[in-house]
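Residue-level listing of the chains:
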Amino acid sequence: MKKFFRKVWLFLKRNTYAIAVCVCVVLVITMVTLTALTFVNHGEEETPVLPDIPSSEEQNVPTIPTDTDKVIEFAFPVINGVISKGYAEDFLLEDKTSGDYITHQGVDFQAAAGAKVVAVFDGVVEKVEPSMMDGMVVTIRHSNDLVSVYRSLADEVFVKAGDTVVKGQEIGSVSSNITEKGDGIHLHYELYEADKLVDPTAYFESAK
């Protein structure tokens, strides 16, 4: 028995290199075979089917209505107010406070102190903030990307940020401001369309 194991040992010792090469070849063949089988099986897998995505109606997701076809007509922002200074972007008007000639990208409505100021159209109040130079300032966003800014309001206002207002709803009263003190007591009204100051006159019912 010892002679047998001795012969095996001598055989292995004499043929170590050849045996190692054979083992390596077998391992390489095995790895290549396994890789090929894996690739074939993967290729035969069915393409996963994505679930159908329900429409917004099926999900009961509300859609935002648009008013692009609706004619918007503003009410005058000041009850019994009159326009004392119009919009002037392309020419200069006298600023009675400073004595200079400057542009005026808004419309001034002169009225007695305490005269009611109303929302020119339906909308949502975005800001209510005090200004040292312009008194209380109220910003209201309407449909069609229109935003109204009311400057020179008295300290007491009747709306707050987030409130929904309707056309003609009282939001405050007329006061004075430092910026345009020389023009007397009035409301300074501005209109933004797509974040750009525009002349609001065409929107007022009374102006039409």
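The model shown is predicted, which means the values in this text are computed figures rather than measured ones.

Concerning the confidence of the model for the chain
So, step 1. Of the residues in the chain, 63% reach a pLDDT of 70 or more, and the chain-wide mean stands at 77.
So, step 2. No element of the chain has a lower mean pLDDT than helix H1 (residues 2-14), which averages 57, and none a higher one than strand E9 (residues 164-165), which averages 97.
So, step 3. The low-confidence segment residues 42-51, where pLDDT is below 50, has 0 contacts with residues more than four positions distant or belonging to other chains.
So, step 4. Here residues 53-68 is modelled with pLDDT under 50, and outside its nearest four sequence neighbours on either side it reaches 6 contacts, counting other chains as well.

Overview of the nonpolar core
Nonpolar side chains in soluble globular proteins tend to end up buried together.
So, step 1. Among the nonpolar cores identified, the biggest contains 31 residues, and Phe 74, Val 138, Tyr 150, Leu 187 and Tyr 189 are the most heavily contacted of them.
So, step 2. Of all the secondary structure elements, the ones that give two or more residues to this core are strand E4 (107-110), strand E7 (135-141), strand E8 (146-153), strand E11 (186-193) and strand E12 (196-198).
So, step 3. Every residue in contact with Tyr 189, bar those within four places of it in the chain, is listed here: Phe 74, Pro 77, Gly 106, Val 107, Phe 109, Val 120, Ser 148, Val 149, Tyr 150, Pro 200 and Phe 204.

Comments concerning the pattern of salt bridges
Between side chains of opposite charge, pairing is possible as soon as their charged atoms come close.
So, step 1. Enumeration according to the criterion identifies 6 salt bridges in this entry.
So, step 2. The residue Asp 145 makes a salt bridge to Arg 141 at a minimum N-O spacing of 3.4 Å.
So, step 3. Put simply, Glu 190 and Arg 151 hold a salt bridge, and the shortest N to O gap is 3.3 Å. Placement of Glu 190 in strand E11 and of Arg 151 in strand E8 is noted, with a sequence separation of 39 residues between them.
So, step 4. Judged by relative accessible area, Arg 151 falls into the partly exposed class, the value being 22%.

Here we look at the side chain of Thr 139
So, step 1. Looking at the secondary structure, you find Thr 139 in strand E7.
So, step 2. Assessed through its relative accessible area of 9%, Thr 139 is described here as buried.
So, step 3. With near-sequence residues (within four places) excluded, Thr 139 lies in contact with Val 124, Val 125, Glu 126, Lys 127, Val 147, Ser 148 and Val 149.

Overview of the packing of aromatic side chains
Pairs of aromatic rings are described using the distance from one ring centre to the other and the angle between the two planes.
So, step 1. Going through the model one piece at a time under the given rule, you end up with 8 aromatic pairs.
So, step 2. Between the aromatic rings of Phe 74 and Tyr 203, the centroid separation amounts to 5.0 Å while the plane-to-plane angle is 25 degrees, which identifies the pairing as stacked. Here Phe 74, found in the loop between helix H2 (16-44) and strand E1 (82-85), pairs with Tyr 203, found in the segment after E12; they are 129 residues apart in sequence, far enough to count as distant. Like Phe 74, the residue Tyr 203 is buried in the burial classification.

Rules used in this analysis
- Residues numbered from 1 in each chain as written.
- Predicted model: local features only at pLDDT ≥ 70, side-chain atom pairs only at ≥ 80, totals over all residues.
- Heavy atoms only, no water.
- pLDDT = per-residue confidence, 0-100.
- Helix = DSSP H or I, 4+ residues; strand = E, 2+ residues; numbered from the N terminus.
- Contact = heavy atoms within 4.5 Å.
- Core = buried A, V, L, I, M, F, W, Y, C linked by side-chain atoms within 4.5 Å.
- Buried < 20%, exposed > 50% of the residue type's maximum accessible area, 1.4 Å probe, protein only.
- Salt bridge = Lys/Arg side-chain N within 4 Å of Asp/Glu carboxyl O.
- Phe/Tyr/Trp six-rings, centres within 6.5 Å; stacked < 30°, edge-to-face > 60°.

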